[in-house]
Amino acid sequence: MNETILATLGEFSLADYQPIFPRSLDLGEPLEPKAGNLVKAVVGMRRSGKSYRLFQEMQELIERGVSPERICYFNFEDDRLNPVTPRTGDEVLEAFLYLHPEAGEQGLYLFFDEMQEMQGWGAWLRRIVDTRKTTLYVSGSSSKMLSSEISTEFRGRALDFELLPLSFCEYLQFTGNATAADLKRPAFAQAKRPLLQRRFKDYLRRGGFPATLGLPESQAIGLLQSYVQRTVAADVAERHDVARPRLVSAFAQRALECNGRSVSIRKIENDFRSHGLATSRATLGDLLSYFEEAYLLFVVDERSRSFAEKSNVPPKLYAIDPGLARAVSRASADDEGQRLEDAVYLELRRRTVGMRQGAISSLRTQGHGYEIDFAVDDALSDKLMELYQVCMRADNEKTLERETRALWEAMDERGLEEARLIVGEGEDRIHERGSKRILQTPAWKWFVQGRAV
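Residues numbered from 1 in each chain as written. Predicted model: local features only at pLDDT ≥ 70, side-chain atom pairs only at ≥ 80, totals over all residues. Heavy atoms only, no water.

**Some words on the overall build of the chain**
Right, so step 1: Across its full length, the chain holds 18 helices and 14 strands.
Right, so step 2: Taken over C-alpha atoms, the radius of gyration comes to 24 Å for the chain, in line with the 22 Å a tight globule of 453 residues would show.
Right, so step 3: Counting only C-alpha atoms, the chain reaches 75 × 60 × 45 Å along its principal axes.
Right, so step 4: Per-residue burial for the chain yields a buried fraction of 50% across its 453 residues.
Right, so step 5: Counting contacts in the chain only where the partners sit at least 6 residues apart, residues at least 24 apart contribute 69% of the total.
Right, so step 6: As presented, the chain carries roughly 21,300 Å² of accessible surface, and 47% of it is formed by carbon and sulfur atoms.
Right, so step 7: Distance between charge centroids for the chain: 4 Å, based on 62 positive and 68 negative side chains. (Helix = DSSP H or I, 4+ residues; strand = E, 2+ residues; numbered from the N terminus. Rg over C-alpha atoms; globule rule 2.2 N^0.38 Å. Buried < 20%, exposed > 50% of the residue type's maximum accessible area, 1.4 Å probe, protein only. Contact = heavy atoms within 4.5 Å. Areas by Shrake-Rupley, 256 points an atom, 1.4 Å probe, with all protein chains shown as cover. Lys, Arg positive; Asp, Glu negative; His and termini not counted. Charge placed at Lys NZ, Arg CZ, Asp CG, Glu CD.)

Below, the structure is given as structure tokens:
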């Protein structure tokens, strides 16, 4: 028996990881252990809290009455185990059942972290799912365990759950400025308005990576920069065997600087060439898809009116976190408006779980070609299209007209009665034109209001 594995299992205790901050990511009702169960996989960027989401699920099982002796947690990222092979996984189960012999008959709850460290992890997990009475949860670095790979490995027998860094509501709870009960009370937002306004500005600066929030700001910036460097090196260059790390790093920097903006691959190619960094649009396009796979950023396309149409408008990029985008931007950059737009996109992404890919897009009106930041729609949903415009402030008539004209025109074209203008600074207002209206909402309030549209 592998003594290292035996000791690791024997020494593990959830108490060592307390307090476990509860994340809002819902993994659904836990399945009763049986052969052939669906696998639940938590995916996302490094350091976003995937391991602690597993710990949260384990704690909730115990609170439901499941014996801790039926719950096996193991992290395969341990240099004492190298190389990690399917035999290593078999030894983990062998050692756990040696410690808890009755658990095999009752059914196991298995939580495997950094699963991608195992060579041939997919085939091994399929065997365990098919032959063992288990309920199985996995998480792993996005470098080798992408949601697309999980789907391929398990062919319809796995559910993947995307974990983003902390939302603003989670940030308030994590930093001790609100409780979950507070955020459910309608009067809380108005009573704590000055506090929430200040904390929202902090959130746009600091972001939602948990480990950075207890640090002085200068240290937090350095840690966020290291997250980017590690992701680019391991999850892009190493994973895809890119032979030109300088190009990868330069393009990652440029892409994150485009946070909340359209990106022209052609322009970046020409710019790189002018600085002696030869590349091609095809290479940069591939790298952009790798950055998205690694959860470093997201690419949002313009909405086309039919399947056959292809927009010529460059896509917009949004970083995984507004604080991370700020940490890697140039010192001279004042991009609060873009970070606000980034935060709104990420919140919409959290609120559209279950919709299909492309449910969030940008939109241009057919009449004057005005741009709307976000259109949310899925043909399989019974909801009407939702339109969102985002700006830091709309405190004079000229700015307000510029920000709302696209919404008015799009509502006319799409037969919609309502749209929303989210402002970084400003008041609640309702702008009406005939039967149509635009709801203007301060950003801090829209985030706290939860899933209300």
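**Remarks on the pattern of salt bridges**
Right, so step 1: Within this structure, the stated rule accounts for 36 salt bridges.
Right, so step 2: A salt bridge links arginine 46 to aspartate 235; the nearest nitrogen and oxygen atoms lie 2.9 Å apart. Of this pair, arginine 46 sits in the loop between strand E1 (39-43) and helix H2 (50-63) while aspartate 235 sits in helix H11 (residues 217-238), and the two are 189 residues apart along the sequence.
Right, so step 3: In this structure arginine 46 comes out as buried when scored by relative accessible area, which is 16%.
Right, so step 4: Judged by relative accessible area, aspartate 235 falls into the buried class, the value being 1%.
Right, so step 5: For glutamate 336, the salt bridge identified is with lysine 201, shortest N-O distance 3.1 Å. Here glutamate 336 is found in helix H16 (residues 336-351), whereas its partner lysine 201 is found in helix H10 (residues 193-206), with 135 residues between them in sequence.
Right, so step 6: Sharing partners across several salt bridges, the network here consists of Arg199, Asp202, Arg205, Glu217 and Arg326. (Salt bridge = Lys/Arg side-chain N within 4 Å of Asp/Glu carboxyl O.)

**Description of the sheet that holds strand E14 (residues 436-442)**
Right, so step 1: Spatially, the six strands line up as an open sheet ordered E9-E10-E11-E12-E14-E13, and their pairing is mixed. Across the chains shown, the open sheet's two edge strands, defined by having one partner strand only, are strand E9 (360-364) and strand E13 (429-433). Between one strand axis and the next, the sheet turns by 30° as a mean value, whatever way the strands run.
Right, so step 2: Bridge analysis of strand E10 (residues 371-376) against strand E11 (residues 386-393) gives three bridges, and the strand direction is antiparallel. Looking across to E11, one finds that valine 376 is bridged to glutamate 386.
Right, so step 3: The strands touched by H16 are E9, E10, E11 and strand E12 (418-425); relative to E11, the strand with the most contacts, the crossing angle is about 150°.
Right, so step 4: The strands touched by helix H17 (residues 397-414) are E9, E10, E11, E12, E13 and E14; relative to E14, the strand with the most contacts, the crossing angle is about 135°. (Pairing = 2+ DSSP bridges. Axes fitted to C-alpha atoms, helices over the stretch in contact; angles between N-to-C directions.)

**As for the packing of aromatic side chains**
Right, so step 1: Within this structure, the stated rule accounts for 29 aromatic pairs.
Right, so step 2: Judged by centre distance (5.6 Å) and plane angle (50°), the ring pair of phenylalanine 168 and tyrosine 203 falls under tilted. Taken as a pair, phenylalanine 168 in helix H7 (residues 168-174) and tyrosine 203 in helix H10 lie far apart in primary sequence, 35 residues in all.
Right, so step 3: Residue phenylalanine 168 is classed as buried on the basis of its relative accessible area of 0%.
Right, so step 4: Note on tyrosine 203: relative accessible area 1%, which makes it buried.
Right, so step 5: An aromatic cluster is built from Phe168, Tyr171, Phe200, Tyr203, Tyr388, Trp446 and Phe447, whose rings are joined through pairwise contacts.
Right, so step 6: Seen from the ring of tryptophan 446, arginine 351 lies directly overhead, with NZ or CZ sitting 4.0 Å from the centre. (Phe/Tyr/Trp six-rings, centres within 6.5 Å; stacked < 30°, edge-to-face > 60°. Lys NZ or Arg CZ within 6 Å of the ring centre and 35° of its normal.)

**Here we look at the nonpolar core**
Right, so step 1: Counting 72 residues, the largest nonpolar core has Phe200, Phe251, Phe291, Val344 and Phe374 as its most contacted members.
Right, so step 2: In this view, valine 344 contacts Phe374, Val390, Ile422, Trp446 and Phe447; residues no more than four positions away in its chain are not counted.
Right, so step 3: Judged by nonpolar contacts, the second largest core, of 28 residues, contains Ile5, Ala41, Leu81 and Leu136. (Core = buried A, V, L, I, M, F, W, Y, C linked by side-chain atoms within 4.5 Å.)

**Section: unusual backbone geometry**
Right, so step 1: In this chain, glutamine 18 is followed by proline 19 through a cis amide linkage whose omega measures -5°.
Right, so step 2: Summarising the element assignment, proline 19 is placed in the loop between helix H1 (3-11) and E1.
Right, so step 3: Cis rather than trans, the peptide bond between asparagine 82 and proline 83 has omega equal to -5°.
Right, so step 4: For proline 83, the location among the structural elements is in the loop between strand E2 (71-75) and helix H3 (86-99).
Right, so step 5: Positive phi is not limited to glycine here, since arginine 47 has a value of about 70°.
Right, so step 6: Following the sequence through the fold, arginine 47 ends up in the loop between E1 and H2.
Right, so step 7: With a phi close to 60°, tyrosine 295 is a non-glycine residue in the positive phi region.
Right, so step 8: Within the element layout of this structure, tyrosine 295 appears in the loop between helix H14 (281-293) and strand E7 (297-300).

**Details of H16**
Each α-helix winds once per 3.6 residues, and so residues spaced three or four apart point in a common direction.
Right, so step 1: Across its 16 residues, H16 extends 23 Å between first and last C-alpha, which sits within 8% of the 22 Å expected from 1.5 Å per residue.
Right, so step 2: Restricting attention to buried positions, one finds in H16 the residues Arg339, Leu340, Glu341, Asp342, Ala343, Val344, Tyr345, Leu346, Glu347, Leu348, Arg350 and Arg351. (Expected span 1.5 Å × (residues − 1).)

**Here we look at H11**
Right, so step 1: In this model, H11 (22 residues) spans 30 Å end to end at C-alpha, consistent with the 32 Å of a helix rising 1.5 Å per residue.
Right, so step 2: Considered for burial, the residues of H11 that qualify are Ala220, Leu224, Tyr227, Val228, Thr231, Val232, Ala234, Asp235, Val236 and Ala237.
Right, so step 3: Buried residues along H11 sit in contact with H10, helix H12 (245-257), H14 and helix H15 (322-328).

**With respect to the side chain of glutamate 170**
Right, so step 1: By secondary structure assignment, the location of glutamate 170 is in helix H7.
Right, so step 2: Look at glutamate 170 and you get buried, because its relative accessible area is 4%.
Right, so step 3: When residues no more than four places from it in sequence are discounted, the contact partners of glutamate 170 are Phe21, Arg23, Ser24 and Pro165.

Read these as layout, nothing more, since geometry by itself doesn't imply function.
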